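The primary structure of each chain is shown beneath.
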Amino acid sequence: MKFTVAPSLLALVCALPQFSEAFTPSSISSTSWRIPFSAVTPLQSTTKHKEAAPESDAAFSAFAESLDEDSLFDDENDNSGFDEQTTWQESLESLLDPTTPLAKRQILLSDLLNANENIQKSVQEALTERKIDPLLTPTGKKLQDGTRAVARQITTDILPGIAAAAGGTSAREKITEELPTLVPKIGSRIFSALTKQTQKNLEQLRGDIANPSRIPERITKQTADLATEAKNVFLETPEGLAGPKYKVVGKGQGYELREYDGYTVASTSMSMVGEPYSMDDITSGGAAFNALAAYLFGANDEGKSMEMTTPVSTTSAGEMRFYLKNDGVTTDSPYPNPLTEEDDSFNEKGAVKIVEVPPARLAVARFTGFVTEGEVARQKDALLSSLAADGVEIDVPHGAVVPHVVFQYNPPYTIPIVRRNEVAVPVVAPDDKAALEKEWGEAEDEASKHGLADDLAPSDVSDE
């Protein structure tokens, strides 16, 4: 296997010693940073001083604001040299980022020059181990991990699933059995949504004819929306889409703890009552997605078109959910009711309902690539192992199956190696745990009065 290193990186490494000599503290202090004393002249009068003061104060305020906006120094106790917590790969990525301010670019360049020895060690390590990993920036590592994840999912889950479906008849029989009841229901809702959207476009056209001055503004907005959609093809988290609010309250190895506020979702079942479901069932997943999308785009009792949101949630109970964004204006009934059909009783798949999701604390692990049944199981097992190692208690009854929810943030056209997927499980909040321990303590005190303390265990405590 032949290993090569980019010529630009080698040139940078070779040139660093010469550049570093030019950027030593002594050379900087003795050249351009030195202010000639002759340039500093005393004020001639009090009047001139009063006139210059506002101008100098304004200039200083602008300079201070620029420092704050650019976030030049993340740590006020370390504002020079190469930060030990920031690798040279991270500095290089920030330097190459076109959105990085010019002032910060100069500091990053200085950091990279000071990291000459670390860069040479990374290059030597890459050449010795015949691996490019030591030279990758954080984004490069994410892309590499994403590529490996997608390759694993294709070989382990997707290809065997396709082979099993092609060789068996059960899946085809199931689809054939459900189509007569499922297609008319979903199809009617999609047709209703398309009709509402067509009517909206006609009304917009009439408005443009009546008032042509608003056409440029609408075209500008549509162009911006298209640019955002094009950008979302390569983004880990899509822009311009609302989602449920949460706060990160803790982090562990490969996961984070989040406090979610309560929110509202449109939900539909991916399977019939009592029937198991699988994330690999593309037909059921597509039908559920189309039913929810139709509701958002006008298949409701008000014919109201709502914004697409993120993430799409799939519960371990087999429900798919779309987050509903509150417009902040309507308070009585902010969300329209889904359309209903008389045939909901014999095929509940595709029936949309509005559900209130209560506040919760979740442990969330992120992964990329495709969301397959096997990948969700692997990620969930790894998350539960990490939580057990860190002593984080799962919020489920003892011996019960741990429920989970899968969050999918990206539209279907986002390239798989950068997609953001998450699996989450409920965990006990510190306040709830403290209340439970208090209840146990009170029960033990009560039992000790009757001489039963030795025979009492936490499982014997009443839940009343």
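Further up the page is the structure itself.
First, a word on scope: everything that follows refers to the structure included in this document.

Rules of the game
- Residues numbered from 1 in each chain as written.
- Predicted model: local features only at pLDDT ≥ 70, side-chain atom pairs only at ≥ 80, totals over all residues.
- Heavy atoms only, no water.
- Helix = DSSP H or I, 4+ residues; strand = E, 2+ residues; numbered from the N terminus.
- Polar contact = N/O pair within 3.5 Å; in protein donor to acceptor, adjacent residues only side chain to side chain.
- Contact = heavy atoms within 4.5 Å.
- Core = buried A, V, L, I, M, F, W, Y, C linked by side-chain atoms within 4.5 Å.
- Buried < 20%, exposed > 50% of the residue type's maximum accessible area, 1.4 Å probe, protein only.
- Pairing = 2+ DSSP bridges.
- Axes fitted to C-alpha atoms, helices over the stretch in contact; angles between N-to-C directions.
- Salt bridge = Lys/Arg side-chain N within 4 Å of Asp/Glu carboxyl O.

Comments concerning the side chain of Glu 256
Reasoning step 1: Along the chain, Glu 256 turns up in strand 2 (residues 255-260).
Reasoning step 2: Polar side-chain contacts of Glu 256 include one of 2.7 Å to the side chain of Arg 258.
Reasoning step 3: Ignoring anything within four residues of it in the chain, the contact list for Glu 256 reads Tyr 246, Val 248, Gly 250, Lys 251, Leu 362, Ala 363 and Val 364.

What about the nonpolar core?
Reasoning step 1: Membership of the largest hydrophobic core comes to 32 residues, with the highest contact counts inside it found for Tyr 295, Met 320, Phe 322, Ala 363, Leu 383, Leu 387 and Val 425.
Reasoning step 2: Elements represented by at least two residues in this core include exactly strand 2, helix 10 (282-296), strand 5 (319-323), strand 7 (360-367), helix 11 (373-390) and strand 9 (421-426).
Reasoning step 3: Examining the composition of this core, we find that six residues originate from one element, helix 10, more than from any other.
Reasoning step 4: By size, the runner-up hydrophobic cluster in this structure holds twelve residues, among which are Tyr 260, Val 357, Val 364 and Val 405.

Considerations on the sheet that holds strand 9
Reasoning step 1: Pairing within the open sheet is antiparallel, and its nine strands lie in the order 1-2-7-9-8-4-5-3-6. The outermost strands of the open sheet, each flanked by one partner alone, are strand 1 (246-252) and strand 6 (353-357). Each adjacent strand pair in this sheet contributes to an overall mean axis angle of 30°, direction not counted.
Reasoning step 2: Along the sheet, helix 10 makes contact with strand 3 (263-269), strand 4 (312-315), strand 5 and strand 6, crossing strand 5 at roughly 30°.

Considering the environment of Phe 370
Reasoning step 1: Along the chain, Phe 370 turns up in the loop between strand 7 and helix 11.
Reasoning step 2: In this structure Phe 370 comes out as partly exposed when scored by relative accessible area, which is 24%.
Reasoning step 3: In this structure Phe 370 touches Val 150, Gln 153, Ile 154, Ile 158, Glu 375, Pro 416, Arg 419 and Asn 421, once residues within four positions along its chain are discounted.

Notes on the pattern of salt bridges
Reasoning step 1: Under the criterion given, the structure shown has 13 salt bridges.
Reasoning step 2: Taking the shortest distance from any N to any O, the salt bridge between Arg 258 and Glu 256 comes out at 2.7 Å. Here Arg 258 and Glu 256 have matching classes, each one buried.
Reasoning step 3: Bridged by salt links that share partners, the residues Glu 256, Arg 258, Arg 366, Arg 420 and Glu 422 form one connected network.

Describing the environment of Val 405
Reasoning step 1: Following the sequence through the fold, Val 405 ends up in strand 8 (residues 405-408).
Reasoning step 2: Taking C-alpha positions, Val 405 is 9.4 Å from Glu 319, a pair spaced 86 residues apart along the chain.
Reasoning step 3: Among all residues touching Val 405, those that are not within four sequence positions of it are Ser 313, Thr 314, Thr 315, Glu 422, Val 423 and Ala 424.

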